[in-house]
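Spelled out from the first residue to the last, the chains are:
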Amino acid sequence: MMDDARKVMVLGAGDIGRRVFHELAQTSRGRQVELVGRDQEAVVRAVNLARFCALQRGFSSTVSGSVSDLTDTARTAERIAEFAPDVIFLAVSYQSWWVISTLPQDSFARLYAANFGPWLPMHLVPVMKAMEAVKLSGSQAVVVNAAYPDAVHPALSAAGLSPDLGIGNVANNVPGIQAVVADTLGCAAAELEVRLVAHHYVSHRLSRHGDSDPAAMGLAVLRQGHDITADLDLPALLKRLPHEYRRTGGLAGHAMTATSALSVLEPLVDERDALVHAPGPDGMLGGYPVALEGGKIQLRLPGGMTSEEALAINVSGQLADGISEIRPDGTVRFEPGAMQILTDEIGYSCDEMPLAEAESRAQEIADRFAKYRAHVGTSR
């Protein structure tokens, strides 16, 4: 491997981290890819699998692994400094979104109704710890985060700990929209460019219900550079997403999230320009179309939309997702109705969370959910 090979570190060896690490290694481009996790056995197996699969396909990426727990900020910072990555991918969370789906159906349905917002501490805290390690290491790497960037990034921005960009969420519905429009018009999907402004709540709802209700969204479709949005019956087309354009979801559906991550990571690692969709760019709330150009991250909103209008769209999604407000100092206020569901189910309540309280809140949720899960059992 050449000395100037670009380096990417995947921090977190859970399902998404392993999927993305594996795919980053499957290339003829000069890359060095490192997986960092807290379980040595899992890291060793994932590294060897990626290496062997790459060799099977005739690739020879340099892959490596190391062990560190995010609670050991100094050790994590040391490993980041030693590897000196150009790009860092954070795939860290205390509780992945799909975990509640392993509960009995009635318990799952009740908790699912709270949406994502009340669970924010479970995603914010590990990202915060990872970013503290990045800062301590002195790394200038571009940091990309997978854990609820729509809300995590604006909450951490006040402390100077927001990652540069997120993945997934808003991006996950773009290929479906592109496909349904292409099939309707009888054209190649490559002729179309979708520009979608939407919060996590909307991106989660679109593929399941075919609309954004009660939140707003912004959507434009261009064909060979010309805006054709006014010529399309977009509400009718979106209603087809949960039907003939339905796709595998749940844990198996992480393939979609992994490819969304790769759509962002590969241009950054390979230093090429790209138009992508990503949540939380530069600490912003919600999800946007984003241009990666010359190492810079810039919004590419639908024609005529202002940044203020895009923010308002995302705020409407934030409210529907269970968060009333994220203040400039990082304090988060939660929607009472959404939080009441967690109170009724697991006994957890939090009206307002300053950033300094996030870690204790995450621990409380973890403890209460563990007791709840032990009581109701699982569906598996």
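A.B. asks: Help me understand the sheet that holds strand S10 (residues 274–279) in this model?
C.D. replies: By way of backbone hydrogen bonds, the strands of a sheet pair with one another, either parallel or antiparallel. Pairing is antiparallel across the open sheet formed by three strands, whose spatial order is S10-S11-S12. Looking at the sheet topology across the chains shown, the edges are occupied by S10 and strand S12 (296–299). Strand-to-strand twist across the sheet, computed as the mean angle between neighbouring axes with direction ignored, equals 40 degrees. Pairing of strand S11 (residues 287–293) with S12 involves four bridges; the strand directions are antiparallel.

A.B. asks: Please explain the nonpolar core as it appears in this structure.
C.D. replies: Most often, soluble globular proteins keep nonpolar side chains buried together rather than apart. Ranked by internal contacts, the top residues of the largest apolar core, which has 54 residues, are Leu90, Leu111, Leu120, Leu124 and Phe369. Looking at which element gives the most residues to this core, the answer is helix H5 (residues 121–137), with nine residues. Apart from the residues lying within four places of it in its own chain, the contact partners of Phe369 are Gln95, Val99, Ile100, Leu103, Leu111, Trp119 and Ile346. The next biggest cluster of nonpolar side chains, apart from the first, holds 39 residues, and it includes Phe21, Val47, Ala91 and Tyr288.

A.B. asks: I'm lost on the sheet that holds strand S4 (residues 87–90) in this one. Help?
C.D. replies: In spatial order, the strands read S3-S2-S1-S4-S5-S6; together these six strands make up an open sheet with parallel pairing. A strand with exactly one partner marks an edge of an open sheet, and here the two such strands are strand S3 (62–67) and strand S6 (165–166). Of the pairings in the sheet, the one linking S4 to strand S5 (residues 142–145) comprises four bridges and is parallel in character. Within S5, the residue paired with Val87 across the bridge is Val142. Strands strand S1 (6–11), strand S2 (31–37), S3 and S4 of the sheet are contacted by helix H1 (residues 15–25), whose axis makes an angle of about 165 degrees with S2.

A.B. asks: Help me out: how do you make sense of the layout of surface pockets in this one?
C.D. replies: Summary: where empty space remains is shown by rolling a probe the size of a single water molecule over the atoms. Here the second largest pocket is characterised by a volume of approximately 290 Å³. Val174, Gln178, Leu275, Val276 and His277 are the residues nearest the centre of the second largest pocket, which is lined by 14 residues in total. Where the lining of the second largest pocket is concerned, the elements lending two or more residues are helix H7 (174–185), strand S7 (192–197), helix H10 (254–270) and S10. For the lining of the second largest pocket, the element with the highest residue contribution is H10, accounting for four residues. The residue inventory of the lining of the second largest pocket, partitioned by class, reads eight nonpolar, five polar and one charged.

A.B. asks: What's the story with H7 in this structure? I'm lost.
C.D. replies: Given 3.6 residues per helical turn, the α-helix brings residues three or four places apart onto the same face. Taking 1.5 Å of rise per residue, twelve residues should cover 16 Å, and H7 covers 17 Å from first to last C-alpha, within 8% of that figure. Considered for burial, the residues of H7 that qualify are Val174, Ile177, Val180, Val181 and Ala182. Looking at the buried residues of H7, the elements they touch are S7, strand S8 (218–223), helix H9 (234–238) and S10. Count one or two residues on from H7 and you reach Gly186, which has phi positive near 70 degrees.

A.B. asks: Explain the packing of H5 against helix H6 (residues 149–157) to me, please; I cannot follow it from the model alone.
C.D. replies: A packed helix pair is summarised by two numbers, namely the angle formed by the two axes and the spacing between the axes. At a minimum axis distance of 10 Å, the contact between H5 and H6 shows a crossing angle of 55 degrees. Accordingly, the angle class assigned to the pair H5 and H6 is oblique. Judged by the twist between their axes, the crossing of H5 over H6 is right-handed. Contacts from His123, Leu124, Val127 and Met128 of H5 reach H6 at Val152, Ala155 and Leu156. Here the residues of the contact of H5 with H6 sort into six nonpolar, one polar and no charged.

A.B. asks: Just to check I follow, could you spell out unusual backbone geometry for this structure?
C.D. replies: Excluding glycine, most residues fall at negative phi; most peptide bonds, likewise, are trans. Of the consecutive residues Asp213 and Pro214, the connecting peptide bond is found in the cis state with omega at 5 degrees. Examined against the element boundaries, Pro214 turns out to sit in the loop between helix H8 (200–209) and S8. The backbone of Asn115 shows a phi angle near 60 degrees, a positive value even though the residue is not glycine. Of the residues examined, Asn115 reaches a relative accessible area of 25% and is grouped as partly exposed. Residue Asp282 is not a glycine yet carries a positive backbone phi of 50 degrees. With respect to the element layout, Asp282 can be found in the loop between S10 and S11. Look at Asp282 and you get exposed, because its relative accessible area is 52%.

What counts as what
- Residues numbered from 1 in each chain as written.
- Predicted model: local features only at pLDDT ≥ 70, side-chain atom pairs only at ≥ 80, totals over all residues.
- Heavy atoms only, no water.
- Pairing = 2+ DSSP bridges.
- Helix = DSSP H or I, 4+ residues; strand = E, 2+ residues; numbered from the N terminus.
- Axes fitted to C-alpha atoms, helices over the stretch in contact; angles between N-to-C directions.
- Core = buried A, V, L, I, M, F, W, Y, C linked by side-chain atoms within 4.5 Å.
- Buried < 20%, exposed > 50% of the residue type's maximum accessible area, 1.4 Å probe, protein only.
- Contact = heavy atoms within 4.5 Å.
- 1 Å grid on protein atoms, 1.4 Å probe; cavity = no way out; pocket = protein on both sides within 12 Å on 5 of 7 lines; lining within 4 Å.
- Points joined across faces, edges and corners; volume = space filled by probe spheres on them.
- Nonpolar A, V, L, I, M, F, W, Y, C, P; charged D, E, K, R; others polar.
- Expected span 1.5 Å × (residues − 1).
- Parallel < 35°, antiparallel > 145°, perpendicular 65-115°, else oblique.
- Left-handed = near helix turned anticlockwise from the far one by under 90°.

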